[in-house]
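Overview (structure and organization)
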Amino acid sequence: MDRTAEQDTARPATGCPYAASRAPGEAAGGGADFDSHDPALARDPFPAYERLRAAGPVTWSGNWDGFWVAVGHAEVSAAARSRRLLTGRTLPDGTVQGVTIPPLGQTGRMAPLELDAPLSLKYRKVLAAFYSAGRVRARERELRDLARESLDAAIDAGTCDIVPAFTLRVPGIVTMRDIGLPDDRWFDVDALLHRALLSAPHDMAAARHYAQLITLEIVEEMEAVRELLEEDPDAPAGGLIAQLLRTTVDGEPVPDEDIVSMMYFLLLGIDPTSTLTATALWHLSHHPDLKRRLIDDPRLIPRAADEYLRWMSPVQGTSRTVGEDFGLGGRQLAAGERIFLSWAAANRDESVYPRAFEIDLDRPDERHHAFGGGPHYCVGAGIVRAMFTVMMEEMLTRRPDYEVADENAITWFPDLSSFYGITSLPLHLNGRPPGPARTR
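Residues numbered from 1 in each chain as written. Predicted model: local features only at pLDDT ≥ 70, side-chain atom pairs only at ≥ 80, totals over all residues. Heavy atoms only, no water.

Going by the annotation in an unreviewed UniProt entry, the name recorded for the protein chain is Cytochrome P450, with Streptomyces virens given as the source organism.

Listed below in structure tokens is the structure:
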């Protein structure tokens, strides 16, 4: 694969891998015209969710041939656990209705998210072991060193876009290492991912083209690792690709297509970590009392991670297909219909979270839905929290006086169906650092 040629098309002139972000815009309407692809919702979708909630916990949208939208906390929780709702369903034309509306036209399911139990649970077990609490704790030094290295370069620049320099770079490199790809591929692989995501659903040929380029990168690495393991089964090959090539499920090797799919799935975790952290930094710049509290007591930062996750929901929602008729929120859902589970709306449900629009570090620890729910709860939740915590600790310790350089230059991910949050955040990082960053 000619990486140099592809890099020229993947890397925008701005030096940011986001191919098409946008400045803040006016929020669009909700209700019958709700469309998570609407770029007018990108900056602030929450008024639209409130309008939906006013119509009921489950409402109907006429977009994309029609689908249900669940916005109530109780209803989203029940739907996430329901076996009547499917994450992957083969359509009559052989393509898959997965977790997106409209379907993307692919013929394979994304493992493990769009697979059914029990196979999905067996794959999740492999991934969950890789991201266990113990393994995440053991990587704390690796994460902190990477955060410090990234922040050092940003500080040297004085004023920079903190997203590609810091909040996107850290999870990007961590994910490359988890998969087994070289660290220095993070920018270009993530840029291809953005092009794939932002092409859908309006230009599916382009979306599939960029997704295929990412797939080729993963396949090349998988073949290289396979060759290494065939020569020496005990070779110290790291990364999930090596682990999955050594794994059997029900006595059989994991199929190559499922390994590739799981690696693509991991790539989708880069941006939520970045937008979560960047949006929190922006929010704190407008709330100095909250910022001072975290500076004075860094032990609150892990708590802040979950409160910001609830408040902004970097993955706003995912879709399901109704497998059999059933009732939800006073509505009758018919087999074959689709439903968008709005994690973000559930996380702003005032009946569960009073003053839900506020960041409250003293809020009772009600489990939020930022990582989904039920059998498809995010297996990488622990590493996301850890990366956020480390990045916030480093920034608030070493550059607590950071300032937003230009509010008008801030951009947001333009399609809520992919991710929510800030994709460009220019910061002033002036002054002398107060000394070595605190080590937990």
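Now that the structure has been shown, the text picks up again.
A short note on unusual backbone geometry
Between Ala111 and the following residue, Pro112, the backbone shows a cis peptide bond with an omega angle of -5°. Looking at the element boundaries, Pro112 is found in the loop between strand 5 (96-97) and helix 4 (119-130). For the peptide bond that leads from Ala117 to Pro118, omega is 10°, which places it in the cis range. Counting through the fold element by element, Pro118 comes out in the loop between strand 5 and helix 4. Phi at Trp64 is positive, roughly 50°, even though this residue is not glycine. Since its relative accessible area comes to 26%, Trp64 is described here as partly exposed. Positioned with a positive phi, Arg355 is a non-glycine residue whose angle comes to about 55°. Tracing the chain through its elements places Arg355 in the loop between helix 16 (343-346) and helix 17 (381-398). (Helix = DSSP H or I, 4+ residues; strand = E, 2+ residues; numbered from the N terminus. Buried < 20%, exposed > 50% of the residue type's maximum accessible area, 1.4 Å probe, protein only.)

A closer look at the nonpolar core
Core analysis: the largest hydrophobic core is formed by 116 residues, its most contacted members being Ile162, Met263, Leu267, Tyr308, Met395 and Leu425. Residue contributions to this core peak at 11 residues, all from helix 17. With near-sequence residues (within four places) excluded, Leu267 lies in contact with Thr175, Met176, Ile179, Val189, Leu193, Ile214 and Ile218. Residues Ala70, Ala80, Phe326 and Ile339 belong to the second largest nonpolar core, which totals 15 residues. (Core = buried A, V, L, I, M, F, W, Y, C linked by side-chain atoms within 4.5 Å. Contact = heavy atoms within 4.5 Å.)

Considerations on the sheet that holds strand 12 (residues 338-342)
One open sheet accounts for 5 strands, arranged 1-2-12-9-3; its pairing is mixed. Looking at which strands have only one partner, the edges of the open sheet turn out to be strand 1 (58-61) and strand 3 (85-86). Pairing analysis gives 4 bridges linking strand 1 to strand 2 (residues 67-70), with the strands arranged antiparallel. Bridging across to strand 2, Val58 finds its partner in Ala70. The sheet contacts of helix 3 (residues 73-81) involve strand 1, strand 2, strand 3 and strand 12, and relative to strand 12 the element is tilted by about 120°. (Pairing = 2+ DSSP bridges. Axes fitted to C-alpha atoms, helices over the stretch in contact; angles between N-to-C directions.)

Overview of helix 15 (residues 301-312)
For helix 15, with 12 residues, the first-to-last C-alpha span of 16 Å sits near the 16 Å given by 1.5 Å per residue. Extensive coverage of helix 15 is indicated by the burial of 10 of its 12 residues. Within helix 15, burial applies to Ile301, Ala304, Ala305, Asp306, Glu307, Tyr308, Leu309, Arg310, Trp311 and Met312. Taken together, the buried residues of helix 15 touch helix 2 (46-55), helix 13 (270-285), helix 14 (288-296) and helix 17. Positive phi shows up at Ser313, right after helix 15, with a value of about 50°. (Expected span 1.5 Å × (residues − 1).)

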